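# Structure assessment
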Amino acid sequence: MRIGLFDIDNPVNSFEWMIFLTKKYLSMFLEGTWLTLYIAVLGTLLGFVLGYVIGIIQDVKINQGDLFIKKVLIRILKMISHIYVEIFRDTPMIVQAMIIYYGIRQMGVDLTPIVAGVLVTVLNTGAYMAETVRAGIGSIDIGQREGAWSMGMSPMKTMLYIVLPQAFKNIIPEMANTFLTNLKMTSVLNVIAVQELFMAAKTVGGNYYKYFESYLVIAVIYFVLCFFFNKIFGLLEKKMNGKKDYALAVEYLDNQ
């Protein structure tokens, strides 16, 4: 079959091989793309929730009037969260995947590669998002908390209804970057036999010993996915920022 100047049934150059491999193994590439998206989306969302929890724990203040048991509990939680963040921020994701997958299986738990891949992504994302959430919470003016407290709101309600919604808006760009990073970092999960996009390319390339062309195919797929989601997050950020062409009420009244 010829497409213009290219014969994709008898490929002779890299471009023809890319078309040939894509056509013949389209289902494998699609399955790999779906699994990559599944792990990246689920891992980022759950990791974001985990990061929020850890970020809130790190932001909790210990007051002089707190009960002794409360002070001890908060310190223990802070220590655990700090150790967790340091471990997962200071070790490569590929090593984490190997340790978690094979370590859990050695304990007699029948852990599938996909579940292990999602778990690794969640824990890795949570560690990075924890610092982002903590910084986002810290960016909110302390006066807003004090104002809420003076109106009788508890520290928990102040955090849920005043601080976190604003912090969420501030950390959307970093959340988008984390998701795009996860989308690409799922490629390291092939070391624990997750059949994601990189593993699909590795398998396809091995059938004809055309690794270069096979990896070029998934490079295009990764680029399209990242470009698409980058635009989506850009629109979301713009939407949450609101309109910039508004007029202040004072200016409107002055013109009446």
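In short, a report on the structure. Note that the structure is predicted; figures quoted are calculated from it, not measured.

Let us now look at the overall build of the protein. Within the protein, the regular secondary structure consists of ten helices and two strands. Mapped in sequence order, the helices and strands of the protein form the string β-β-α-α-α-α-α-α-α-α-α-α. The C-alpha atoms of the protein give a radius of gyration of 24 Å, which is well past the 18 Å a tight globule of 256 residues would have. Counting only C-alpha atoms and orienting by the principal axes, one finds that the protein spans roughly 75 × 70 × 25 Å.

With that settled, the discussion passes to the nonpolar core. With 23 residues, the main nonpolar core has Ile39, Tyr84, Phe88, Ile100, Leu189, Ile192 and Val194 as its most contacted residues. Put simply, the parts of the chain that give this core at least two residues each are α2 (26-59), α3 (68-89), α4 (93-106) and α5 (113-138). With seven residues, α5 is the largest single contributor of residues to this core. Discounting chain neighbours no more than four positions away, the residues touching Leu189 are Ile39, Met93, Ala97, Gly117, Thr121 and Val194.

What follows covers a nonpolar patch on the surface. On the surface, a nonpolar cluster with roughly 430 Å² of combined accessible area is contributed by Ile94, Val95, Met98, Ile99 and Tyr102. Tracing the chain through its elements places Ile94 in helix α4.

What follows deals with the packing of aromatic side chains. Under the definition given, this model contains 14 aromatic pairs. Taken together, the aromatic side chains of Trp17, Phe20, Tyr25 and Tyr208 make up a single cluster linked through ring pairs.

Moving on: unusual backbone geometry. At Ala193, a residue that is not glycine, the phi angle is positive and equals roughly 70 degrees. Tracing the sequence through the fold places Ala193 in the loop between α7 (155-185) and α8 (197-208). Judged by its relative accessible area of 40%, Ala193 is partly exposed. In this structure, Tyr209 is a non-glycine residue whose phi angle is positive, near 55 degrees. As for its position among the elements, Tyr209 is in the loop between α8 and α9 (211-241).

Before going further, it helps to spend a moment on the layout of surface pockets. Its boundaries defined by the atoms lining it, the largest pocket holds a volume of some 470 Å³. Around the largest pocket, the lining comprises 15 residues; the ones closest to its centre are Asp59, Val60, Lys61, Pro155 and Met156. Counting only elements with at least two residues in the lining of the largest pocket, the list comes to α2, α3, α6 (142-150) and α7. Ranked by residue count, the leading element in the lining of the largest pocket is α7, at four residues. A class-by-class count of the residues in the lining of the largest pocket yields eight nonpolar, two polar and five charged.

A complete count under the given rule lists two salt bridges for this structure. In this structure, the salt-bridge partner of Asp110 is Arg105, at a minimum N-O distance of 3.5 Å. Residue Arg105 is classed as partly exposed on the basis of its relative accessible area of 37%. With a shortest N-O distance of 2.8 Å, Glu131 and Arg134 are connected by a salt bridge. On the criterion of helical spacing, the pair formed by Glu131 and Arg134 is a turn pair, its members being three residues apart in helix α5.

This paragraph deals with the environment of Gly43. Among the structural elements, Gly43 can be located in helix α2. With a relative accessible area of 0%, Gly43 lands in the buried category. Note: C-alpha distance between Gly43 and Val224 (181 residues apart in sequence) is 20 Å. Apart from residues no more than four positions distant in its own chain, Gly43 is found in contact with Tyr38, Val118, Thr121, Val122 and Thr125.

The rules we used
Residues numbered from 1 in each chain as written. Predicted model: local features only at pLDDT ≥ 70, side-chain atom pairs only at ≥ 80, totals over all residues. Heavy atoms only, no water. Helix = DSSP H or I, 4+ residues; strand = E, 2+ residues; numbered from the N terminus. Rg over C-alpha atoms; globule rule 2.2 N^0.38 Å. Core = buried A, V, L, I, M, F, W, Y, C linked by side-chain atoms within 4.5 Å. Buried < 20%, exposed > 50% of the residue type's maximum accessible area, 1.4 Å probe, protein only. Contact = heavy atoms within 4.5 Å. Patch = residues over 30% accessible without salt bridge, like charges linked within 9 Å, V, L, I, M, F, W, Y side chains within 5 Å. Areas by Shrake-Rupley, 256 points an atom, 1.4 Å probe, with all protein chains shown as cover. Salt bridge = Lys/Arg side-chain N within 4 Å of Asp/Glu carboxyl O. Phe/Tyr/Trp six-rings, centres within 6.5 Å; stacked < 30°, edge-to-face > 60°. 1 Å grid on protein atoms, 1.4 Å probe; cavity = no way out; pocket = protein on both sides within 12 Å on 5 of 7 lines; lining within 4 Å. Points joined across faces, edges and corners; volume = space filled by probe spheres on them. Nonpolar A, V, L, I, M, F, W, Y, C, P; charged D, E, K, R; others polar.

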